[in-house]
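Tertiary structure, described
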Amino acid sequence: MMRRRDREVTDLAEMTAIMDRCDAVSVAFAGETPYVIPMSFGYVCEDGHVCLYLHCAGVGEKITRMQADPHAAFAMYTGTELIEGPSACSYSTTYESVCGSGVLRRLEKEDKRAGLEAIMAHYAPEKEFSFEDRMLAAVTVLCLDVQAISGKRRAG
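Notes on the structure in this doc start here. The shown structure was predicted, so the numbers you read here are calculated from the model rather than taken from an experiment. (Residues numbered from 1 in each chain as written. Predicted model: local features only at pLDDT ≥ 70, side-chain atom pairs only at ≥ 80, totals over all residues. Heavy atoms only, no water.)

Overview of the nonpolar core
Nonpolar side chains in soluble globular proteins tend to be buried together. Among the nonpolar cores identified, the biggest contains 25 residues, and Val-25, Phe-41, Leu-52, Leu-54, Phe-74, Met-76 and Leu-104 are the most heavily contacted of them. Taken together, the elements giving at least two residues each to this core come down to α1 (12-21), β2 (25-29), β5 (49-56), α2 (61-68), β6 (71-78), β9 (95-106) and β10 (140-154). If one sorts the elements of this core by residue count, β5 sits on top with 4 residues. Residue contacts for Phe-74: discarding those within four places in its chain leaves Val-25, Ser-26, Val-27, Leu-52, Val-98, Cys-99, Gly-100, Ser-101, Leu-144, Val-146, Ala-148 and Ile-149. (Core = buried A, V, L, I, M, F, W, Y, C linked by side-chain atoms within 4.5 Å. Buried < 20%, exposed > 50% of the residue type's maximum accessible area, 1.4 Å probe, protein only. Helix = DSSP H or I, 4+ residues; strand = E, 2+ residues; numbered from the N terminus. Contact = heavy atoms within 4.5 Å.)

A short note on the environment of Ala-30
Summarising the element assignment, Ala-30 is placed in the loop between β2 and β3 (35-39). C-alpha of Ala-30 to C-alpha of Ala-73: the two residues are 43 residues apart in sequence and 8.3 Å apart in space. In contact with Ala-30, not counting residues within four places along its chain, are Arg-65, Asp-69 and His-71.

Concerning the side chain of Arg-113
For Arg-113, the position within the fold is in helix α3 (residues 109-123). What makes Arg-113 buried here is its relative accessible area of 18%. Here Phe-131 takes part through its backbone oxygen, which lies 2.9 Å from a polar atom of the side chain of Arg-113. Setting aside residues up to four positions removed in sequence, Arg-113 forms contacts with Phe-131, Asp-133 and Leu-136. (Polar contact = N/O pair within 3.5 Å; in protein donor to acceptor, adjacent residues only side chain to side chain.)

Examining the environment of Arg-21
Along the chain, Arg-21 turns up in helix α1. Not counting residues within four places of it along the chain, the set of residues in contact with Arg-21 comprises Thr-78, Glu-96 and Arg-153. Among the polar contacts made by the side chain of Arg-21, one reaches the main-chain carbonyl oxygen of Ala-17 at a distance of 3.3 Å.

With respect to the packing of aromatic side chains
Following the criterion strictly, the structure yields 2 aromatic pairs and no others. With centroids separated by 5.9 Å and ring planes inclined at 55°, the aromatic side chains of Phe-29 and Tyr-35 adopt a geometry described as tilted. Using a relative accessible area of 5% as the deciding quantity, one classes Phe-29 as buried. Note on Tyr-35: relative accessible area 21%, which makes it partly exposed. Geometrically, the ring pair formed by Phe-41 and Tyr-123 is edge-to-face, given 6.5 Å between the ring centres and 75° between the ring planes. You can see Phe-41 sitting in the loop between β3 and β4 (42-46) and its partner Tyr-123 sitting in helix α3, a full 82 residues away along the chain. A residue is classified by how much of its surface remains accessible, and Tyr-123, at 36% relative accessible area, is partly exposed. (Phe/Tyr/Trp six-rings, centres within 6.5 Å; stacked < 30°, edge-to-face > 60°.)

Digging into α1
Working note: α-helix, 3.6 residues per turn, so residues spaced by three or four point in the same direction. Taken together, the buried positions of α1 are Met-15, Thr-16, Ile-18 and Met-19. The buried residues of α1 occupy an angular sector of 155° when the element is viewed end-on, so they sit on one face. (Arc of directions from axis to C-beta.)

Quick word on unusual backbone geometry
One non-glycine residue, Asp-47, lies in the positive phi region at around 55°. Inspection of the secondary structure assignment puts Asp-47 in the loop between β4 and β5. Phi is positive for Lys-109, close to 45°, though the residue is something other than glycine. Mapped onto the secondary structure, Lys-109 falls in helix α3.

See the structure below:
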């Protein structure tokens, strides 16, 4: 439950608008010790369900952790500007953020293409891209099926 209800964003359309303005997402992978890493992302929102798409190497820490426990959390934010105050404790920043959690899965074949299209649409929405079968076979694309999501903002 969010402590500052006056800053809570509950509308999914508003949350996805914030996501559109974010440059990266930090993904926290489960495991014995904490592991969080910023990643490029794309997403789709269909019927009130969000899937975050991520690409990475086919081996390494992310994949090892995902295979051991597919649960993950994420956070992204944008719009930070300093808010000055008369004392150190009254300084703050503006922000818009979206956080959540879900279950990771590795995509196969044509699902990879859809994931890469979502990622590229996030960073270059005015362009169209094609993906060769050879490239699709080489790249690893993950989907974080979002099960819980929340948004928050602080204006100046």
